[in-house]
Amino acid sequence: MPQLDIQEKLAILADAAKYDASCSSSGTARRDSRGGKGMGSTEGMGICHAYAPDGRCISLLKILLTNSCIFDCHYCINRKSSNVRRARFTAEEVVRLTLAFYRRNYIEGLFLSSGIIRSPDYTMEQLVEVARSLREDHDFRGYIHLKTIPDADPELVRLAGVHADRVSINVELPTAAGLARLAPEKDGERIEGAMKSMRMAIEDGADSKKRFKSAPSFAPAGQSTQMIVGADSATDADIVGKASMLYDRFRLRRVYYSAFSPIPDASAVLPLRRPPLMREHRLYQSDWLMRFYGFAPGEVAAAADPAGMLPLDIDPKLAWALKFRESFPVDVNRAPRELLLRVPGLGVKAVDRLLKSRRWRRLRLDDIARLTVSIVKVRPFVCAEGWQPTLLTDRADLGAWLEPKTNQLELFA
Ligand code: SF4
């Protein structure tokens, strides 16, 4: 590997980390200010944003320890056979960079991942060393998110949780067949075994903390994972089922969905085109339905078409409501919270405010309109004081009627 200075390494290893979606947002237009035109960029890398357990949005230095790897996962730009410029930080360099950025107030924490060098154990030791040194040698109180390597010694993976706020172990692909085809060196059972051990360690840590205030924290922000969408033939129903299983079995804080993006010098087994970014968005919406709206995974899957794919033109909650119209209209003055949460256009906050308001008086459609962004979407699915949707709920063209209208953008704006 050629000798690189710290800035060159930072440019390579921050760029290589941008493919990890676990703490980033995506789906916006590409803009930059290269060439001195304008200000700002949506394509930058190096600093990303995440939400701390108390809900604060924090900026993280997001880098890889190295983009060299002994594995050859087809979808990964850092795979062994990829023709990219390689770089590697030492643990000490990452510690120094993190502290320097933190002191300048550029960041409030670190998101660190890595390709696998020498062996999973060796790489995991290096990742843990960064977190250990930050915490123990420098008393670093900022946020640390470590990606762990499921093939590493379980004790090393556990140590990641001792020093980091959040740990993540990527399942990579939604199905065992997809993993075997696209990441043949990875083992689904080992990945889930590592998640299970992490869950137990997190629960033990939380339990000790409850009993003894002085007990050390263990991964207080929990564990998360990431699934790549569109690189294999898994349907949305497969992905929703897998995510639900992961939430249930391993008590994950988040499952991140990352739409596969074609990489330079791509392997021939990969699709040539990326899936629509809207697919990723619809999966996040269905994830929300399961976590906050009381939908069972089978109900979300029922909103999909016969091929198991969620519609792209309407959100999955509306798709479900249109398919199961016999569940509507819902009486906003009498229905329990769980039924109100099924109404398209009513979010969790709106439902909670609605429940408070109806203690004092019977609600009319105007009252609901004040709680929601789109009363047009809500109207066919509710009855209120003075409002019955009558035939509206059963209109054959209701889907087209509620579909968001597309706006023609100005060509020369
Ligand atoms: S192990 Fe990780 S870094 Fe290495 S090729 Fe696979 S996905 Fe990429």
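For the structure itself, consult the block above.
J.: For the overall build of the protein chain, give the residues involved together with the corresponding values.
T.: When helices and strands are counted, the protein chain shows 15 helices and nine strands. For the protein chain, the residues scored as buried account for 49% of the 413 residues in total. Pairs at least 24 residues apart make up 65% of the contacts formed inside the protein chain by residues separated by at least 6 positions. In the form shown here, the protein chain has an accessible surface area of approximately 21,400 Å², with 53% of it arising from carbon and sulfur atoms.

J.: How would you summarise the packing of helix H1 (residues 6–17) against helix H2 (residues 91–103) if you had to cite specific residues and measurements?
T.: Contact geometry of H1 with H2 gives a least axis separation of 12 Å together with a crossing angle of 90°. The orientation of H1 relative to H2 falls into the category roughly perpendicular. Across the interface between the two elements, Ile6, Lys9 and Leu10 from H1 touch Glu93, Leu97 and Phe101 from H2. Of the residues in the contact of H1 with H2, the class split is four nonpolar, no polar and two charged.

J.: Can you explain the site of the ligand? Please cite residues and give values.
T.: For the ligand, the full set of nearby residues is Cys69, Phe71, Cys73, Cys76, Arg79, Gly115, Ile116 and Lys186. Of the residues belonging to the shell around the ligand, the class tally is five nonpolar, one polar and two charged.

J.: An account of the packing of aromatic side chains is requested, with residue identities and associated values reported.
T.: Under the definition given, this model contains eight aromatic pairs. With 5.1 Å between their ring centres and 75° between their planes, Tyr102 and Phe140 make a pair best called edge-to-face. On the criterion of sequence distance, the pair formed by Tyr102 in helix H2 and Phe140 in the loop between helix H3 (120–137) and strand E4 (143–147) is long-range, its members being 38 residues apart. Take Tyr102: its relative accessible area is 34%, and that puts it in the partly exposed class. Given the relative accessible area of 5%, Phe140 is considered buried. When the centroid spacing of 5.3 Å and the interplanar angle of 85° are considered together, the rings of Phe295 and Trp320 count as edge-to-face. With Phe295 in the loop between helix H8 (277–292) and helix H9 (297–302) and Trp320 in helix H10 (residues 316–323), this residue pair connects regions lying 25 residues apart in the sequence. The buried category is assigned to Trp320, whose relative accessible area is 6%. Taken together through their ring pairs, the aromatic side chains of Phe295, Trp320, Phe324, Phe328 and Phe381 make up a single cluster.

J.: Outline the side chain of Ser224, supporting the account with residue identities and numerical values.
T.: Tracing the backbone through its elements, the reader meets Ser224 in strand E6 (residues 223–229). With a relative accessible area of 0%, Ser224 lands in the buried category. With near-sequence residues (within four places) excluded, Ser224 lies in contact with His145, Arg166, Val167, Ser168, Ile169, Arg254 and Tyr256.

J.: Outline the nonpolar core, supporting the account with residue identities and numerical values.
T.: Within the largest apolar cluster, 110 residues are counted, with the highest numbers of intra-cluster contacts made by Leu112, Val130, Tyr257 and Phe381. When neighbours within four sequence positions are excluded, Phe381 is seen to be in contact with Leu318, Ala321, Leu322, Phe328, Pro329, Val330, Val343, Pro344, Leu398 and Leu402. In terms of nonpolar packing, the next biggest core, distinct from the first, is built from six residues, Cys48, Ile58, Tyr143 and Ala221 among them.

J.: Lay out unusual backbone geometry with the relevant residues and their values.
T.: Along the chain, Phe328 connects to Pro329 via a cis peptide bond; the corresponding omega equals 0°. Mapped onto the fold, Pro329 is located in the loop between H10 and strand E8 (330–331). Positioned with a positive phi, Arg118 is a non-glycine residue whose angle comes to about 60°. The topology assignment puts Arg118 in the loop between strand E3 (109–113) and H3. Positive phi values are uncommon outside glycine, yet Glu172 reaches one of about 70°. Looking at where Glu172 falls in the secondary structure, it is placed in the loop between strand E5 (166–168) and helix H5 (176–182).

J.: Tell me about the pattern of salt bridges, and name the residues and values.
T.: For the structure on display, the rule yields 24 salt bridges. Put simply, Glu192 and Lys242 hold a salt bridge, and the shortest N to O gap is 3.1 Å. Pair noted here: Glu192 is in helix H6 (residues 188–211) and Lys242 is in helix H7 (residues 236–250), with a separation of 50 residues, a long-range link. Across the pair, Lys242 and Glu192 agree in class, each one buried. For the salt bridge of Arg199 with Glu203, the shortest nitrogen-to-oxygen distance reads 2.8 Å. Taken together, the residues span about one helical turn, with Arg199 and Glu203 both in helix H6 at a distance of four residues. Here the salt bridges share partners, and the residues they tie into one network are Glu129, Arg132, Glu136 and Asp137.

J.: Describe the side chain of Asp232, and please don't skip the residues or the numbers.
T.: Position of Asp232 relative to the elements: it lies in the loop between E6 and H7. Nearest to the buried, unbridged Asp232 among oppositely charged side chains is Arg279, at 6.5 Å. Only 3.3 Å separates the side chain of Asp232 from the backbone nitrogen of Ala234, close enough to count as a polar contact. Residue contacts for Asp232: discarding those within four places in its chain leaves Leu173, Pro174, Thr175, Gly178 and Leu182.

J.: I'd like to hear about the environment of Tyr256, residue by residue, with values.
T.: Counting through the fold element by element, Tyr256 comes out in strand E7 (residues 254–259). Among the residues examined, Tyr256 registers a relative accessible area of 10% and is labelled buried. Distance in space between the C-alpha atoms of Tyr256 and Ala243 is 9.2 Å, their sequence separation being 13 residues.

Rules of the game
Residues numbered from 1 in each chain as written. Predicted model: local features only at pLDDT ≥ 70, side-chain atom pairs only at ≥ 80, totals over all residues. Heavy atoms only, no water. Helix = DSSP H or I, 4+ residues; strand = E, 2+ residues; numbered from the N terminus. Buried < 20%, exposed > 50% of the residue type's maximum accessible area, 1.4 Å probe, protein only. Contact = heavy atoms within 4.5 Å. Areas by Shrake-Rupley, 256 points an atom, 1.4 Å probe, with all protein chains shown as cover. Axes fitted to C-alpha atoms, helices over the stretch in contact; angles between N-to-C directions. Parallel < 35°, antiparallel > 145°, perpendicular 65-115°, else oblique. Nonpolar A, V, L, I, M, F, W, Y, C, P; charged D, E, K, R; others polar. Near = heavy atom within 4 Å. Phe/Tyr/Trp six-rings, centres within 6.5 Å; stacked < 30°, edge-to-face > 60°. Core = buried A, V, L, I, M, F, W, Y, C linked by side-chain atoms within 4.5 Å. Salt bridge = Lys/Arg side-chain N within 4 Å of Asp/Glu carboxyl O. Lys, Arg positive; Asp, Glu negative; His and termini not counted. Polar contact = N/O pair within 3.5 Å; in protein donor to acceptor, adjacent residues only side chain to side chain.

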